Amino acid sequence: MASTDSPLKRLVSTFIADFASWLLKTQVQEARPLNIDLPGETLVADQVFRVVLADGRQVILHIEFQGRRSHPPMPWRMLEYISRLAGTYRLELLSVVFYVGRGAGADDTGHHQVQSPTGSVTLLWQYEVIRLWQMPAADLLTLGNPALLALVGQTQVAQPEVVFPAVVARLRQEPDRERQRQLLTSLLALITEEEWIHMVERSLELEDELMAESPFLRRIQERARTAGSLTAWQRAILETLA
């Protein structure tokens, strides 16, 4: 999770309007980050945004990224986040947990409660759970949103030789060259298999113009080739971003 945490946060914050529209299941006008240091005893959330929906309503979107281990357990952490955010902003609130890495969050339903001794429910809280490792890559391709395609390397890829060239081809259609480079960088940073990285690299090499125009992507490619491993690829991306 450590190697993907920073790229995931960067991807979501850079393309937050796309992610907010997907997670909230509606069109949004804008989204801007809020303070992630929550009031009271020190508690820091991963990402919090104030989102303006297409109908003008303002809502809070809270996103957490979690690997296989969490202490305290994720449901109790989410209870703290949700109660602090609800009390602070007093707006409609959606909390989402992205579980990253095979097996992460396998038992988390996102629905939790504390029972009363009388048989009633004293406390109930819920949040959305997205297990990227269980999501078929085809589902992201079907959504047709380029910003979400950068997550493909964290999903279930049944036919990588088909999926990754298709993803690269779609991202190369982006008219904004800077947005295109950012998405390709995020795609590379979030891939979990070295063979898949080479598939993306080969697809990029087919577009000489893109590589020629992007010293950024060339630096990543040259550093990673020198070291020749998945870890080196990820390190090269993070070093180049820095």
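Residues numbered from 1 in each chain as written. Predicted model: local features only at pLDDT ≥ 70, side-chain atom pairs only at ≥ 80, totals over all residues. Heavy atoms only, no water.

A. Quick peek at unusual backbone geometry. Here His71 and Pro72 are connected by a cis peptide whose omega angle stands at -5°. On the secondary structure map, Pro72 appears in the loop between strand E5 (58–66) and helix H3 (74–89). One non-glycine residue with positive phi stands out, namely Lys25, at about 60°. With respect to the helices, strands and loops of the structure, Lys25 is situated in the loop between helix H2 (16–24) and strand E1 (28–33). Classification of Lys25 as exposed rests on a relative accessible area of 68%. With phi around 50°, Arg90 is a residue other than glycine that occupies positive phi space. As for its placement among the helices and strands, Arg90 is situated in the loop between H3 and strand E6 (92–99). (Helix = DSSP H or I, 4+ residues; strand = E, 2+ residues; numbered from the N terminus. Buried < 20%, exposed > 50% of the residue type's maximum accessible area, 1.4 Å probe, protein only.)

B. Molecular detail of the nonpolar core. In this structure, Phe19 and Val51 are the most contacted members of the largest nonpolar core, which totals 51 residues. Of all the elements, H2 adds the most residues to this core, at 6 residues. Residues contacting Val51, with those up to four places away along its chain left out, are Ala20, Leu24, Val28, Glu30, Ala31, Arg57, Gln58, Val59 and Leu61. (Core = buried A, V, L, I, M, F, W, Y, C linked by side-chain atoms within 4.5 Å. Contact = heavy atoms within 4.5 Å.)

C. Representation of the side chain of Arg77. With respect to the helices and strands, Arg77 occurs in helix H3. Among the residues examined, Arg77 registers a relative accessible area of 16% and is labelled buried. Within polar-contact distance, the side chain of Arg77 engages the side chain of Gln66 at 2.8 Å. Residues in contact with Arg77, not counting those within four places in the same chain, are Glu64, Gln66, Ser70, His71 and Pro72. (Polar contact = N/O pair within 3.5 Å; in protein donor to acceptor, adjacent residues only side chain to side chain.)

D. Expanded view of the packing of aromatic side chains. Applying the stated criterion across every chain, the model contains 5 aromatic pairs. Measuring from ring centre to ring centre gives 6.1 Å for Trp22 and Phe98, while their planes differ by 45°; the resulting arrangement is tilted. Taken together, the residues Trp22 in helix H2 and Phe98 in strand E6 connect sequence positions 76 residues apart. Residue Trp22 shares its accessibility class with Phe98, and that shared class is buried. For the ring pair Phe65 and Phe98, a centre distance of 5.6 Å and an interplane angle of 25° mean the geometry is stacked. A residue pair is termed long-range when its members are at least 10 positions apart, and Phe65 in strand E5 and Phe98 in strand E6 qualify at 33 residues. Here Phe65 matches Phe98 in class, with each residue buried. Among the aromatic side chains, those forming a connected cluster through ring pairs are Phe19, Trp22, Phe65 and Phe98. (Phe/Tyr/Trp six-rings, centres within 6.5 Å; stacked < 30°, edge-to-face > 60°.)

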